[in-house]
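Secondary and tertiary structure notes
Now for the letters of each chain:
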Amino acid sequence: MFKAIIFTLSLSGILAETVHLYVSPTGSDDLSNKGLSSTSPLKTLHRARDRLDDSDIKGKQVFVELMKGYHDLTTTLSFSHGYASPVTFRSYQYQEVHLTGGRRIRYDLFTPVTNSNILKIIPQVAHSKVRQVHLPEAGITDYGKLSTYGFYSHRTAPLEIFINGNPLHLAEWPNDNYINIKSTPDGGSGLRFTHNSSRDARWTGEKDPWVYGFWQWGWADWAVQVKSINTKSHQITLANNPKFGIRVGSLRYDGVLNGFSHQGGYFRVINMLSELDAPGEYYLDRTTGILYLWPNTPSGTLQQTDIVYVSMVDTCINLNNAQNIHFEDFTLEACRHYGFEGNNARNIKFTNLEIKNTGSYGISCSGDCRSITVSKCDIHHTDGGVSIKGGNRNKLESSGNIVEDNHIWKFGRATKVGANGISPGGVNILMKYNYLHDGPYTCVKWAGNDHIMEYNHFSRCCHDSSDCGAIHAGRDWTMRGNVIRYNYVHDSIRHWPGADVRGIMLDDEYSSVTIEHNVFYYNEVHVNIGGGRDNIIRYNVFYNATKESVQVDGRGMRGDFHDELTAHLQAVPYTSPIWAAKYPKLAALATSKTRGYPEGNEIYRNIYYNEKGIPWIFFQGKIDEDKYFRQYENRHSFSATDFTSDYHLQCTAKDWANGVNFPQPITLDKVGPRYPYGPKYLNKGKRPDSGIKDVSTSGPCVSGTVAPETNIPKSSYLPDGSGPNNLVTNITQIGCWLLVNSCSAHKDVQGTFRDTYGEQHEQTANNEAKCLARAAEVWRYCGSAKNQPVTVVYGPTGAMTMGGDGCFFAYYGCTSHHYHHVGFERDTWAEQNDNAANDEEKCLKRAAIQWVYCGKDRQGTVTSIYRPTGAFRTGGAGCWIKVPKCPADKTVKYYFYDRWGATNLGTDDDESECRNRASYFWRKCGSHPENPVTAFYRPTGVSKIVPSA
């Protein structure tokens, strides 16, 4: 009995500490009204906020109950301090609540356009559709300011218009497209450019014309005010120069998509009454206060039930230094800048909100924000989704920030580049179970350390830009400890000129991220390592890339961005005990002389499937692949039947997975929001349309392989071991042989004979490379006379070369140019024009060039021989594999054309696939370091040896 009484008293004390404040658009802010009853609610959120510091409420847990309707803010709702107990702003009993930074305009204030002068400006197609309203009659005189935006600018929008919650946009042309810059009279840094459109005749009377475009790069957009328009020369003069300058455009309209060297240089005109020609467009004449719009309603008109709002307040809710505030279950909309903006905030929760129609990010928390949670929100039609920073990088203290179970989409209404879905910064932000899609640039652009991105679903990112990643970071060696795992990343495809679009982009030497257990599908490139260090890619499914599965390069070896990267390195205590213990490889950069080299990258135990001709890994530039990008146990799948509809592995892929302990991939139902998101009144559930395609193939397992190629290219004219030596037949298949016609320095050295000296002193009898090197050595021993070559033949394989002067061809003729000489011939052109007689590489590169010049004859090869060293290289058809010794498989020949690879991997036409075959055969033969394998891709003369020396 005594215990029960104590429990009852304690519970009563807890309940007494909870207060409910009620706010309704029809309430009263009279000072006598305390707002403690749903029958006598307050009218505004400002009054409710002020009540929180009243003595009867202060220090208690408070629920601010927002009652049904539109709560229109007249100024920013600011919170500048913390609360001892949590304060929660939420919908009352899950009613439909809209918190806006706007003002509603009655539908009956809109009228048809009757002014004949205006009708002469508006396109004929819009005459019966456009409606106008005199904003001062609606009590609206603050129109804001149209200012530059784009490229990470976090814009403050001018007055914008929304009908039934759907945004309109400034009148533009071309609609949803661009036109090319024809010329730049003052160069790339000038203000003038010309174009080819005669449509500019209608622009001359515009009061405040602007242009928006990608002026120089496919990754940098900018809006600029127009100073003047010359319709005779079709010239536009800008008020200011766009970021990065301007260039001539090469945007094509025939479906052909230009690449890196032909990007940028295209624009559209905006804010022009003369271009108001489509539903969803508007124009505001700031001199008269008249707003013209074409309603974006299903009927194309305005009716009594339509709700028209214009944005008025910049940031709707400010949380600078705020603490212990929660927001739940309502819609926030129509803010010119941010929806929520905080700095150094603590313990703020955003739960089951809809945030839309903001001029910049829906939620932005900068400085050192801690314990911020964004959960189960529906964020869309913003200019950026969630930007959140926090934690202490110097001490590597976690922020405790979480972004989970959200639906973030269409988050770049005006700005394309820099208005990201999620922009995390600082230390240890957890991003999980989110669905991000339909973003014009990156869906996640991260900075900082120890972030985790897991169980997210990314779709259709980067759709309005190029040189972009759905998940993207760049230009830093220090942002380590980040993990990207258990995500679906698909349909990031490039639609505009420029560099490639990737699923994950590690740009400009970004280093040390772990990418594991993800499913990638139908991206232009699935993953890119842009010259960075210590990145790990493992246990991923790479399905059906349209260009390459993985891209890597060594751009830092050229010194790119060295000063900027070093400045970032020096800005953090990377050699301190905390940092050195957590990131020992980063600490080692203190004494490294190869900071810019892509060292320490590993790519292993991934499975990939591509259509024929799409490479697995593309190595940009000349880099030592095995030294900088260690690859092993990756599986090339040849059939779609290796995958079920949810990308689980079956058939031969499952057997491989079991052999290397590759876990089954995560399924689509395990990524994205786990719970209903957005306010309850919207009843959105938890599974938005994924947009993913069914990739499974029914029926029994299919190997996906076909019979080896039967049309085998001819071996090189200069015997190299890939075929019999028909040029020198009077020797045995034992030892190293010399053929010396003349030796002016040593008359007794002449004829065809065994190289007994080399066999005794240099082991040339059992080493092909050492034997062939003797040609140049003996030629020099004989006096290095011109036109007196020395030939060497390695008996066991028949491979041969020559030592002597100059650069020579050995070939079957040049049939496409009706030149049928077969044999050896001095490369006179290269010697006279490219110093090939004295430069080995300039000589050897001629083989592939000459083979192309001669018509790419499959049955004709061209070998270039640099006789001063005896080095040679062959240009021709196919991928050829050289295996000196194969202990694990005695059936593998010494030097052969890769017939199976030609028909199943496209190795005849794909340099990357050919080079990968060196790794395959080295492992097949037992992975013995003393038995390297070389793959020769003859169409370009490129070769790869595994393991590298």
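Source: prediction; values computed, not measured.

Remarks on the overall build of the chain
Scanning the chain from N- to C-terminus turns up 15 helices and 67 strands. Based on the C-alpha atoms only, the size of the chain along its principal axes is roughly 125 × 90 × 60 Å. Within the chain, the proportion of its 949 residues that are buried is 58%. If you take every contact in the chain between residues at least 6 apart in sequence, the share linking residues at least 24 apart comes to 68%. Separation of charge centres in the chain, based on 99 positive and 96 negative side chains, amounts to 1 Å.

Some remarks on helix H4 (residues 562-570)
Every buried residue of H4 is listed here: Leu565, Thr566 and Leu569. End-on view of H4: buried residues confined to an arc of 100 degrees, all on one side of the axis. On its buried side, H4 packs onto helix H6 (584-587).

Some points on the pairing of strand E9 (residues 131-134)
Strand direction decides the pairing type here: strand E8 (residues 111-112) and E9, joined by 2 bridges, are antiparallel. Residue Pro112 lies in a different strand from E9, and its bridge partner there is Arg131.

Re the nonpolar core
Judged by nonpolar contacts, the single largest core of 138 residues is most densely connected at Phe79, Phe327, Phe340 and Phe350. Those residues in contact with Phe340 that lie beyond four places of it in its chain are Ile317, Leu319, Phe327, Phe330, Leu332, Phe350, Leu353, Ile355, Gly362, Ile363 and Ser364. In this structure, Val519, Val541, Ala653 and Trp656 belong to the second largest nonpolar core, which totals 19 residues.

Considerations on the sheet that holds strand E66 (residues 933-937)
Read across the sheet, 4 strands follow the order E65-E64-E66-E67 without closing on themselves; strand pairing throughout is antiparallel. Only two strands of the sheet have a single partner each, and these edge strands are strand E65 (895-897) and strand E67 (942-946). With strand direction ignored, the average angle separating the axes of adjacent strands in the sheet is 15 degrees. For strand E64 (residues 879-882) and E65, the ladder comprises 3 bridges, and the chain directions are antiparallel. Note that in E65 the partner of Ile881 across the bridge is Phe896. Against the sheet, helix H15 (residues 911-924) engages E64, E65, E66 and E67, with an angle of about 165 degrees to E66.

Here's the deal with the UniProt feature "domain: Right handed beta helix" (unreviewed entry) in the chain
As recorded in UniProt, the sites labelled "domain: Right handed beta helix" (unreviewed entry) are residues 317-407. Secondary structure across residues 317-407 divides into 0% helix and 55% strand, with the first and last C-alpha atoms of the span separated by 21 Å.

Comments concerning the packing of aromatic side chains
Within the structure shown, the criterion is met by 56 aromatic pairs. Geometrically, the ring pair formed by Phe79 and Phe89 is edge-to-face, given 5.5 Å between the ring centres and 70 degrees between the ring planes. Here Phe89 lies in strand E5 (residues 82-91) and Phe79 lies in the loop between strand E4 (77-78) and E5, a separation of 10 residues in the sequence. When the ring of Tyr521 is compared with that of Tyr522, the centres are 6.2 Å apart and the planes differ by 40 degrees; the resulting orientation is tilted. Classification of Tyr521 by relative accessible area gives buried; the value is 7%. Among the aromatic residues, ring-to-ring pairing joins Tyr488, Tyr521, Tyr522, Tyr543, Tyr609, Phe643 and Tyr647 into one connected group. Its end group placed over the ring of Tyr812, Lys714 keeps NZ or CZ at 4.4 Å from the ring centre.

As for the state of the cysteines
In the structure shown here, the tally under the stated rule is 11 disulfides. The disulfide that involves Cys443 links it to Cys461, with 2.0 Å between the sulfurs. Disulfide Cys443-Cys461: the torsion about the S-S bond is -100 degrees, which places it as left-handed. With a gap of 18 residues between them, Cys443 in the loop between strand E37 (435-437) and strand E38 (444-445) and Cys461 in the loop between strand E40 (457-459) and strand E41 (468-474) connect regions that are remote in the sequence. As far as burial versus exposure is concerned, Cys443 and Cys461 are alike and both buried. A sulfur-sulfur distance of 2.1 Å marks the disulfide that ties Cys814 to Cys854. With the S-S dihedral at roughly -110 degrees, the linkage between Cys814 and Cys854 falls on the left-handed side. A residue pair is termed long-range when its members are at least 10 positions apart, and Cys814 in the loop between strand E60 (807-811) and strand E61 (823-826) and Cys854 in the loop between helix H13 (846-853) and strand E62 (862-866) qualify at 40 residues. Here the two residues Cys814 and Cys854 agree in accessibility, since each one is buried.

Some thoughts on the side chain of Arg247
Examined against the element boundaries, Arg247 turns out to sit in the loop between strand E18 (235-238) and strand E19 (266-270). Looking at Arg247, its side chain comes within polar contact range of the main-chain oxygen of Gln263, at 2.9 Å. The residues touching Arg247, leaving out its near neighbours within four places in the chain, are Ile181, Thr184, Trp215, Gln216, Trp217, Ser261, Gln263, Gly264 and Gly265.

Some remarks on the environment of Thr18
Here Thr18 shows up in strand E1 (residues 18-23). Overall, Thr18 belongs to the partly exposed group, its relative accessible area being 28%. Once the C-alpha coordinates of Thr18 and Gln61 are considered, the two residues, 43 residues apart in sequence, prove to be 4.8 Å apart. The residues touching Thr18, leaving out its near neighbours within four places in the chain, are Gln61 and Phe63.

Let's talk about unusual backbone geometry
Between Trp173 and Pro174 the backbone carries a cis peptide bond, its omega angle lying at -5 degrees. Relative to the helices and strands, Pro174 is located in the loop between strand E13 (172-173) and strand E14 (179-180). Cis geometry marks the peptide bond from Val946 to Pro947, where omega comes out at -5 degrees. Topologically, Pro947 is positioned in the segment after E67. Its identity as a non-glycine residue notwithstanding, Asp491 has a phi of 60 degrees, on the positive side. Relative to the helices and strands, Asp491 is located in the loop between strand E43 (488-490) and strand E44 (501-507). You can call Asp491 buried: its relative accessible area is 11%.

Cut-off values and rules
- Residues numbered from 1 in each chain as written.
- Predicted model: local features only at pLDDT ≥ 70, side-chain atom pairs only at ≥ 80, totals over all residues.
- Heavy atoms only, no water.
- Helix = DSSP H or I, 4+ residues; strand = E, 2+ residues; numbered from the N terminus.
- Buried < 20%, exposed > 50% of the residue type's maximum accessible area, 1.4 Å probe, protein only.
- Contact = heavy atoms within 4.5 Å.
- Lys, Arg positive; Asp, Glu negative; His and termini not counted.
- Charge placed at Lys NZ, Arg CZ, Asp CG, Glu CD.
- Arc of directions from axis to C-beta.
- Pairing = 2+ DSSP bridges.
- Core = buried A, V, L, I, M, F, W, Y, C linked by side-chain atoms within 4.5 Å.
- Axes fitted to C-alpha atoms, helices over the stretch in contact; angles between N-to-C directions.
- UniProt positions renumbered as here; feature names shortened; annotations may be inferred.
- Phe/Tyr/Trp six-rings, centres within 6.5 Å; stacked < 30°, edge-to-face > 60°.
- Lys NZ or Arg CZ within 6 Å of the ring centre and 35° of its normal.
- Disulfide = S-S within 2.5 Å.
- Polar contact = N/O pair within 3.5 Å; in protein donor to acceptor, adjacent residues only side chain to side chain.

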